[in-house]
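Examining the three-dimensional arrangement
Okay, here's what each chain looks like letter by letter:
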Amino acid sequence: MAGGHWGPLLTALLAARVAAAAEGGPEQAALPEERSWVRPMTASNWTLVMEGEWMLKFYAPWCPSCQQTDSEWETFAKNGEILQISVGKVDVIQEPGLSGRFFVTTLPAFFHAKDGIFRRYRGPGVYEDLQNYILEKKWQSVEPLTGWKSPASLTMSGMAGLFSISGKIWHLHNYFTVTLGIPAWCSYVFFVMATLIFGLFMGLVLVVISECFYIPFPRHLSERSEQTRRAEDAHKGEQLQDAEEEKDDSNEEENKDSLVDDEEEKEDLGEEDEAEEDEEEDSPAARVDEERSDAQDQGPLREVQEEGEPEPDEDTPAPPSPADTEVAEDTLRQRRSQHADKGPSA
C-alpha cells in the first residue's frame, strides 16, 4: 500500500524536475567558460617579458588576419608549459604605448623575447611553425633588436610616450564626436588651439630655464674681448695695407727697370748709327789715299812695260790698266764689307 502510494508521487516529482530543467534552458545547462592561457600585456606589466622566454602577439579586434590566428595562438599558449615558454598578447587599441615601444607597423605582429633580448618573428601564426621555432631554436639565426631599436632603450621609451599621447588624443576625439555629438571640425579646432597654447607654454618654460642656468660673463671680460677683437681687426687691416703697398712698389720698380733698359737700348742703337756714319765718312778719303799709293807704286812698272812692248795700233783698244782693276776690286770689297757689317747691326 505504501509503495503504491509513493510511486505516483515520485514519478510526479521527477517529471516536475525535468520540466523545470527544460524551462531553465541553456543558462543552467551551459558549461563554464574555458580559461584562456594567453596573458594580456599592458604598459604596467610588460616588463615581465624582460625575464625568461616569451612570445608576444600584437593584434587589433577589428583585424581579420588577427582573428584567424586566435585559435592557433591559444593552442600554442596551452602547450607553453611543455615548451617552457610564456605567451602573451597586446591589444594595440587599448595599449598604443606598447605598439610604439615595439614600433609595430603591421598586424598581426609577433615577437620573441629571451632574457630581455627581442627578435621579430616573421613566420606564419600557425601552431606547428611556432612550436618548431621554439624547439629548434630558430630564433638564434634571427638578428636581435639591439641599440636604439630595442624596446627597452630610451629611444623606444620616448616613442612609447608619443604613441600613448596620440592614443589619448584619439580617444578624446571619439569622446567629443561620438559621446557628446560635437562636430568633427570643432574637435579639430580645439586640438589646434591646444597645440598652439602648449607650444607657447613650453617655449616660455625653456626661456625661464635658460635664464636660470645662464651665467653672464663679467663686464671687464666682455670689454677686453671687444678690445682684443678690434685690435685683431686693425692688425689685419694694416697687414693688408702693407701687402698692397709692397705690391705697388714692386710694380713701380719693374716699370723703372723696363724704362732704363729701353733707354740703354736706344743709346746703344744711336752709338751704332754714329759709328756707321763715321765709317762712311772715312771710307772715301781712305779710298783716295789707297788709289794714290797704288798709282805711285805701279808708275815705274808701267814705264818699263811701255819700253819693252811695241806700240799698239790705233785701231786696237787699249787694255785696262792693272791699277784700275785693283781699284775696282778694292771698291767692291769695301762695299761688300760695309754690307756685311750693316747686316748684323740691322
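Residues numbered from 1 in each chain as written. Predicted model: local features only at pLDDT ≥ 70, side-chain atom pairs only at ≥ 80, totals over all residues. Heavy atoms only, no water.

As annotated in an unreviewed UniProt entry, the chain carries the name Thioredoxin-related transmembrane protein 4 and comes from Ursus maritimus. Recorded in UniProt under Subcellular location (unreviewed entry), the annotation for the chain is "Endoplasmic reticulum membrane". (UniProt positions renumbered as here; feature names shortened; annotations may be inferred.)

Roughly 340 Å³ of volume is contained in the second largest pocket. Along its surface, the second largest pocket is lined by 13 residues, and Phe102, Phe103, Arg122, Leu145 and Lys149 are the ones closest to its centre. (1 Å grid on protein atoms, 1.4 Å probe; cavity = no way out; pocket = protein on both sides within 12 Å on 5 of 7 lines; lining within 4 Å. Points joined across faces, edges and corners; volume = space filled by probe spheres on them.)

With that out of the way, let us pick up the packing of aromatic side chains. Counted under the stated rule, the structure contains 13 aromatic pairs. A ring pair is formed by Trp46 and Phe102, whose centres lie 6.3 Å apart and whose planes are at 85°; its orientation type is edge-to-face. Note that Trp46 is positioned in the loop between β1 (39-40) and β2 (53-59) and Phe102 in the loop between α6 (96-101) and β4 (109-114), a separation of 56 residues in sequence. Residue classification places Phe102 among the buried positions, given a relative accessible area of 6%. Residues Phe176 and Phe190 carry aromatic rings whose centres are separated by 5.4 Å and whose planes lie at 90° to one another, so their mutual orientation is edge-to-face. Pair noted here: Phe176 is in helix α8 (residues 154-179) and Phe190 is in helix α9 (residues 184-213), with a separation of 14 residues, a long-range link. The class for Phe190 is partly exposed, based on a relative accessible area of 43%. Grouping aromatic residues by their ring pairs yields a cluster made of Trp46, Phe58, Phe102, Phe111 and Phe118. (Phe/Tyr/Trp six-rings, centres within 6.5 Å; stacked < 30°, edge-to-face > 60°. Helix = DSSP H or I, 4+ residues; strand = E, 2+ residues; numbered from the N terminus. Buried < 20%, exposed > 50% of the residue type's maximum accessible area, 1.4 Å probe, protein only.)

The next subject is a nonpolar patch on the surface. Together, Trp185, Tyr188, Val189, Val192, Met193, Leu196 and Ile197 give the surface a local cluster of nonpolar side chains, amounting to about 780 Å² of exposed area. Note that Met193 resides in helix α9. (Patch = residues over 30% accessible without salt bridge, like charges linked within 9 Å, V, L, I, M, F, W, Y side chains within 5 Å. Areas by Shrake-Rupley, 256 points an atom, 1.4 Å probe, with all protein chains shown as cover. Salt bridge = Lys/Arg side-chain N within 4 Å of Asp/Glu carboxyl O.)

Moving on to the UniProt feature "transmembrane region" (unreviewed entry) in the chain. Feature annotation in UniProt places "transmembrane region" (unreviewed entry) on residues 188-215, given in this structure's numbering. Across residues 188-215, helical content stands at 93% and strand content at 0%; the span's end C-alpha atoms are separated by 42 Å.

To continue, consider the pattern of salt bridges. Within the structure shown, the criterion is met by 4 salt bridges. Of the charged contacts in the structure, one is a salt bridge between Lys114 and Glu53, with a shortest N-O distance of 3.9 Å. Note that Lys114 is positioned in strand β4 and Glu53 in strand β2, a separation of 61 residues in sequence. In this structure Lys114 comes out as partly exposed when scored by relative accessible area, which is 28%.

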